[in-house]
Amino acid sequence: MEEILTSDTAWRQLSQLFLAIFFFHSSEYVLAIIFHGKFNVPLSSLLISKQYVMAMGCCILEYLIEFAFFPQLKEHWWISNIGLILVVIGEIIRKVAIITAGRAFTHLIKIYHEDHHELVTSGIYGFVRHPGYCGFFIWATATQIMLCNPFCTLAYMVVTWRFFSTRIPYEEFFLRQFFGSQYEEYSSRVPSGVPFIK
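Residues numbered from 1 in each chain as written. Predicted model: local features only at pLDDT ≥ 70, side-chain atom pairs only at ≥ 80, totals over all residues. Heavy atoms only, no water.

Under the annotation held in an unreviewed UniProt entry, the chain carries the name Protein-S-isoprenylcysteine O-methyltransferase and is attributed to Papaver nudicaule. Entered under Catalytic activity (unreviewed entry) in the UniProt record, the comment concerning the chain runs "[protein]-C-terminal S-[(2E,6E)-farnesyl]-L-cysteine + S-adenosyl-L-methionine = [protein]-C-terminal S-[(2E,6E)-farnesyl]-L-cysteine methyl ester + S-adenosyl-L-homocysteine". (UniProt positions renumbered as here; feature names shortened; annotations may be inferred.)

Visitor: Hey, could you run me through the layout of surface pockets in this one?
Guide: Remark: the empty space left among the atoms is shown by a probe the size of a water molecule rolled over them. The volume enclosed by the largest pocket comes to roughly 1,200 Å³. The wall of the largest pocket is formed by 45 residues, among which Arg94, Tyr133, Phe163, Phe164 and Arg167 lie closest to the centre. Of all the secondary-structure elements, those providing two or more residues to the lining of the largest pocket are helix H3 (50–69), helix H4 (77–101), helix H5 (131–146) and helix H6 (150–189). The element best represented in the lining of the largest pocket is H6, accounting for 14 residues. Residue composition of the lining of the largest pocket, by class: 30 nonpolar, nine polar and six charged. Space inside the second largest pocket adds up to approximately 290 Å³. What lines the second largest pocket is a set of 18 residues, and nearest its centre among them are His36, Asn40, Thr106, His107 and Lys110. Broken down by element, the lining of the second largest pocket gets its largest block of residues, four residues, from helix H2 (residues 8–36). When grouped by side-chain class, the residues that make up the lining of the second largest pocket number seven nonpolar, seven polar and four charged. (1 Å grid on protein atoms, 1.4 Å probe; cavity = no way out; pocket = protein on both sides within 12 Å on 5 of 7 lines; lining within 4 Å. Points joined across faces, edges and corners; volume = space filled by probe spheres on them. Helix = DSSP H or I, 4+ residues; strand = E, 2+ residues; numbered from the N terminus. Nonpolar A, V, L, I, M, F, W, Y, C, P; charged D, E, K, R; others polar.)

Visitor: How do you make sense of H5 when you look at a structure like this?
Guide: Since one α-helical turn is 3.6 residues long, residues separated by three or four positions face the same way. Across its 16 residues, H5 extends 22 Å between first and last C-alpha, which sits within 8% of the 22 Å expected from 1.5 Å per residue. With 14 of 16 residues buried, H5 is to be regarded as a mostly interior element. At the exit of H5 stands cysteine 148, carrying a positive phi of roughly 55°. (Expected span 1.5 Å × (residues − 1). Buried < 20%, exposed > 50% of the residue type's maximum accessible area, 1.4 Å probe, protein only.)

Visitor: Is there a simple way to think about the side chain of glutamine 144 in this case?
Guide: With respect to the secondary-structure elements, glutamine 144 resides in helix H5. When near neighbours in sequence (up to four residues on either side) are disregarded, glutamine 144 contacts Cys59, Asn149, Cys152, Thr153 and Tyr156. (Contact = heavy atoms within 4.5 Å.)

Visitor: Mind showing me how you'd approach the UniProt feature "transmembrane region" (unreviewed entry) in the chain here?
Guide: UniProt records the feature "transmembrane region" (unreviewed entry) for residues 17–39, 51–70 and 76–93 in the present numbering. The span residues 51–70 is 95% helix and 0% strand, and its two end C-alpha atoms sit 27 Å from each other.

Visitor: Whenever I open this one, the confidence of the model for the chain confuses me. Can you help?
Guide: For any part of a model where pLDDT is low, the fine detail of the predicted coordinates should not be relied upon. A residue-level look at the chain finds 96% of positions with pLDDT of 70 or above and a mean pLDDT of 92. The secondary structure element of the chain with the lowest average pLDDT is helix H1 (residues 2–6), at 58, and the one with the highest is H5, at 98. (pLDDT = per-residue confidence, 0-100.)

Visitor: Where do I start with unusual backbone geometry in this structure?
Guide: Most of the time, phi is negative for any residue but glycine, and the peptide bond is trans. For cysteine 148, which is not a glycine, the phi torsion comes out positive at approximately 55°. Mapped onto the secondary structure, cysteine 148 falls in the loop between H5 and H6. In this structure, phenylalanine 196 takes a positive phi of about 65° despite not being glycine. By the element assignment, phenylalanine 196 lies in the segment after H6. Exposure remark for phenylalanine 196: the relative accessible area of 81% places this residue in the exposed category.

Following this line, the structure appears as structure tokens:
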């Protein structure tokens, strides 16, 4: 444990992780308040669940175990730096998606059409249908690349992909109900933004 407390590598990588987590969640909450109003945004918009806390606990545990027994694994700076760059890219993609969609972006899937709910197909939505999910998929996986955590890199990739592989079809069911042929045409020409999900 003393090695971790005095290691520049551990300080840098773990501080980058905690900064990335803090910025991601606080900015999600602030943007939700900006677009939906303070009284319409529950604390769940911080996007912190029991499963999420467990996943972050697992990643820190993997980091500490590998740092203790295989410290050289954490010294692959080119891998860690690629992860950091991808964290920033994922964050930018997601936040651009939120800002572009404005009030149409919500953390909960809408199952009823509201008057202000419009189909956003411009900006980043012209390139991917679900840039918010795309950004999160990149961000979550990249946090583990940044830590040089091989097991959690794979686990985060699989778990987030599986989550979106059920969420995207569920959400699109309602989008087709709301927007009909307009959404059919849009979804036929613009990819989902998450690999191997049509």
